[in-house]
Protein chains: 2
Amino acid sequence: MSIIFLNLHLFMTQNEDTICAIITPPGIGAVSVIRVSGPKAIEIGNKIFFGKSKLKDVASYTIHYGSLEQNIDNVLVSVFRSPNSYTGEDSIEISYHGSSLISKKILELLISNQARLAEPGEFTKRAFLNGKLDLLQAEAVAEIIQSRSDTALFRSKKQLDGFLSKKIDTIKNYLVEAMGLIELELDFVEEDLQFLDKSQLVQKIETIIGHIEEILSTYKTGKYIFDGVNTVIVGRPNVGKSSILNRILKDDRAIVSDIPGTTRDVIKEEIVINGTLFRLYDTAGLRDSNDKIEEEGVKRAKNLISKADLVFFVTDIENSDDRLDKYFRESLDAKTIIKLINKKDLLSVQTLDVEKNSVLVSALTGDGFEDLFEKFNEFIETNKIYTEDSSIISNIRQFNSLKAAVDSLKNAINSLESNQSGEFVALDMRKAINHMKELTGEITSDDVLNAIFSKFCIGK
Amino acid sequence: MSIIFLNLHLFMTQNEDTICAIITPPGIGAVSVIRVSGPKAIEIGNKIFFGKSKLKDVASYTIHYGSLEQNIDNVLVSVFRSPNSYTGEDSIEISYHGSSLISKKILELLISNQARLAEPGEFTKRAFLNGKLDLLQAEAVAEIIQSRSDTALFRSKKQLDGFLSKKIDTIKNYLVEAMGLIELELDFVEEDLQFLDKSQLVQKIETIIGHIEEILSTYKTGKYIFDGVNTVIVGRPNVGKSSILNRILKDDRAIVSDIPGTTRDVIKEEIVINGTLFRLYDTAGLRDSNDKIEEEGVKRAKNLISKADLVFFVTDIENSDDRLDKYFRESLDAKTIIKLINKKDLLSVQTLDVEKNSVLVSALTGDGFEDLFEKFNEFIETNKIYTEDSSIISNIRQFNSLKAAVDSLKNAINSLESNQSGEFVALDMRKAINHMKELTGEITSDDVLNAIFSKFCIGK
């Protein structure tokens, strides 16, 4: 079993290295910043930096102007002393003129002074190992940086602030409490649990399962928030899919023409509606085609539909509901499908009975698009994407840990109800507690840590 | 005349604005930084930042951890009080998680609190207007950020440190001294200059002209250092131009094939040799061609040759010196031309008398490339690209100011020698002094300032 306890990490020697990396985005800019972190950070800074004061003598959280060895650049150096730094270690941050050449020279200078290049996520990993962040908060750091919508930013910021961690801790404490009862019983009774009220314990565990499942149920919402809502626009050729996309985006990204089959490539655009990120895919005209390239496009469209969260199925006034439409409507039934009836402008009398979940629009005039946007909002509401006061999980790791905890707890209930040995119940309870601890990183494995932090960018 | 005096700027109201901009490169990264500068910088920071201390109470050059209004992000804020900041004004720098969404939100927050977005170069412009940098140093800031080679970085860093400014000041002081003599004479003599030794004054001015011309002569070297050396590889089709380029670059950037006319596009690569940037252009095979696209390529090649600093003219062992070779050799005569005789590997006996400035190479085996690189080094040496202890000018503005100063001084000498009125001499001397002052920005016009700072990136 590859699970080891966190406190082992704290006494491991791996953090004796002093690491360095550019922490600002790559490229040319007015200012770039290199962070140096580790036991020798200030010693190295002291050696290569020349200002009014020696860095080794200055106070934490102060900034110093001076030059670097070899006169590489004039810089500002910020000093952070352990434990009050991002990583929890001694750190310095060097601000310099943002040229990639200077970046290279400063990194070379640091490396020749016994620092080494940081791996992706290594600063945050050290922050985690030094107890500055739990694992949920560390994941939130990456999500904050990647966030593309207000909702994603709001949520990941909440997670960084420990909102989810606190909830998990509360549940874990309930579990520890229940576990305490079981262990107490085991201490006194040789083999079997002889509870005053076994059903009360079962109820206790069921309540806990309820709490966890409530969080588990937010997984899909979390996916919508952090990854965006995959929205696919499908329909026969020439019904106006690209024009509808353009109306939504209010620009000219997709090529629109009168020749059926123009939009061969899947076009991906992103739009934020009410703080929620929708990823829009305009698919190739869906039909049987002799054209090899278009065939490939149709194949990709069908593939996209299978991964879609929301489908806009476009028909038009003139050729509504032919055989192909029927086919797609049926094959899409499991999805949230909005039927868009385009070319409203061709209606002489502006009346048409539209079915539920259908919107009558005109990509030409823009008529009906308010109703269309209302459909986006309905999706947001139905999926509770902006519910402020609940805890949301944001990735499959979090989902799996919680799911495993629920499974263990269900096993514990089974054991209790089938009057199995108390040891079995205790074992399942312990597993559940450990899965909760995995979630926050109280218990963790190197594999899990590597998987999490390798996804970070360099410098984080 | 659009020249106004610097001290006017200091009393102008334009700097009452508080400005803000992202100062780190654009894009996603661990950390981005926004600078706020101006009289209200700390007041605004104090209002939107919540940490242990109020920003208005903290010392200059200290860093503070806390959160921003609307809980946008957890940030570090650095405080710099006037006059000890980059701009010379009160400034704060906000470090936050480097997401473009957070950037946007923080900028919006600042703008809603009476800051405005900084224009390109506006921070450095304020540094200049507040006397933190002279104009030569301000230009050096932009050059440091753009520097692509060690030499360029070394030179621009020297210029930022005031190396050129000091030299200009010294010359300006000589001029002021000479001017003093003339004015003294004018005070005493009603109309004409009656010097004890007019020829001594002429000599003095000639010495000054010599100093300025010495700096002027570095313009070409400066161009090589800061813009790179334009190096063009020309020759008939199929002599191995692309293979030679690849050997030089040691990669596979250019497409190499046996079909004459393969390299239709001009390929631009950059290589740094001994700290000097060479921009390499591999041109289309030069010949008359019926192929429209190749014709266009040849046209572009001829155009490039006209702008080249260094030309590698490639022939091969088999077809050396035909009519076309002769044509190009003649038309290229004014340039620094190195003749590369390729396909040395085809020689059975490895002897061939090569002319001066010719190198025998084999792109196939790599034979002879050390001699070729020696030619790059000779170019560096001949053009004094790495002369450490002279002052180098880096752009046409600097060249023009110095040239104008020389012209005025030559006029002054003419007036002296033709016994014209002392007023004329004094006028020319004054012009020369003003041109020197323009160079460092003691005297400047809004047009010049705008031209200089608009070339900067946002945030600088």
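Our structure is the block above this text.
Heads up: these notes are all about the structure in this document.

Here is what the cut-offs are and how they apply
- Residues numbered from 1 in each chain as written.
- Chains lettered and ligands numbered in written order.
- Predicted model: local features only at pLDDT ≥ 70, side-chain atom pairs only at ≥ 80, totals over all residues.
- Heavy atoms only, no water.
- Helix = DSSP H or I, 4+ residues; strand = E, 2+ residues; numbered from the N terminus.
- Buried < 20%, exposed > 50% of the residue type's maximum accessible area, 1.4 Å probe, protein only.
- Areas by Shrake-Rupley, 256 points an atom, 1.4 Å probe, with all protein chains shown as cover.
- Phe/Tyr/Trp six-rings, centres within 6.5 Å; stacked < 30°, edge-to-face > 60°.
- Lys NZ or Arg CZ within 6 Å of the ring centre and 35° of its normal.
- Patch = residues over 30% accessible without salt bridge, like charges linked within 9 Å, V, L, I, M, F, W, Y side chains within 5 Å.
- Salt bridge = Lys/Arg side-chain N within 4 Å of Asp/Glu carboxyl O.
- Lys, Arg positive; Asp, Glu negative; His and termini not counted.
- Charge placed at Lys NZ, Arg CZ, Asp CG, Glu CD.
- Pairing = 2+ DSSP bridges.
- Least-squares fit on C-alpha atoms with pLDDT ≥ 70 in both.
- Contact = heavy atoms within 4.5 Å.
- 1 Å grid on protein atoms, 1.4 Å probe; cavity = no way out; pocket = protein on both sides within 12 Å on 5 of 7 lines; lining within 4 Å.
- Points joined across faces, edges and corners; volume = space filled by probe spheres on them.
- Nonpolar A, V, L, I, M, F, W, Y, C, P; charged D, E, K, R; others polar.

Attention now goes to the overall build of chain A. Helix and strand counts for chain A stand at 16 helices and 15 strands. In chain A, which comprises 460 residues, the share counted as buried stands at 53%. Accessible area of chain A: about 21,400 Å², with a carbon and sulfur share of 50%.

A word on the packing of aromatic side chains. If you walk through the whole model with that rule in mind, you get 18 aromatic pairs over all chains. Between the NZ or CZ atom of K158 of chain A and the centre of the ring of F163 of chain A, over which it lies, the distance is 4.1 Å. Between the NZ or CZ atom of R35 of chain B and the centre of the ring of F123 of chain B, over which it lies, the distance is 5.0 Å.

Residues and elements named next belong to chain A. A surface patch of like charges, here negative, comprises E370, D371, E374 and E381. Residue placement: E381 occurs in helix α13 (residues 369-382). Judged by relative accessible area, which is 67%, E381 ranks as exposed.

Residue and element names in this part refer to chain B. Among the 9 residues of strand β3 (residues 29-37), 9 are classified as buried, and the element is accordingly described as predominantly covered. Summarising the sheet, strand β2 (residues 18-22) and β3 pair through 4 bridges and their orientation is antiparallel. When the bridges of β3 are listed, I19 appears paired with S37. Relative to strand β7 (residues 91-98), β3 is paired through 8 bridges, and the arrangement is antiparallel. Each residue of the ladder has a partner; that of V36, found in β7, is I92.

For the match of chain A to chain B, the screw axis carries a shift of 0.0 Å, the RMSD comes to 0.1 Å, and the turn is 180°. The operation mapping one copy onto its partner corresponds to a two-fold rotation axis. The position closest to the rotation axis in chain A is occupied by the C-alpha of T62 of chain A, lying 2.2 Å away. A high fraction, 100%, of the interface residues of chain A reappear at the interface in chain B, so the copies pair face to face through one surface.

In this section: the layout of surface pockets. Of the pockets and cavities examined, the largest pocket occupies roughly 800 Å³. In this structure, the largest pocket is lined by 30 residues; those nearest its centre are Y61 and Y86 of chain A together with Y65, V75 and L76 of chain B. For the lining of the largest pocket, the secondary structure elements donating two or more residues are β7 (91-98) and α5 (135-146) of chain A together with β3, β4 (49-51), β5 (62-68), β6 (74-80) and β7 of chain B. The residue makeup of the lining of the largest pocket, split by class, is 14 nonpolar, 10 polar and 6 charged.

With 44 residues of chain A at the contact, the number on the chain B side is 44 residues. Scanning the region where chain A abuts chain B turns up 2 salt bridges. Mapped by element, the contributors of at least two residues to the side of chain A that touches chain B are β3 (29-37), β5 (62-68), β6 (74-80), β7, α3 (100-111), α5 and α6 (150-160) of chain A. The element best represented in the side of chain A that touches chain B is β3 of chain A, accounting for 5 residues. Of the residues in the side of chain A that touches chain B, the class split is 20 nonpolar, 16 polar and 8 charged.

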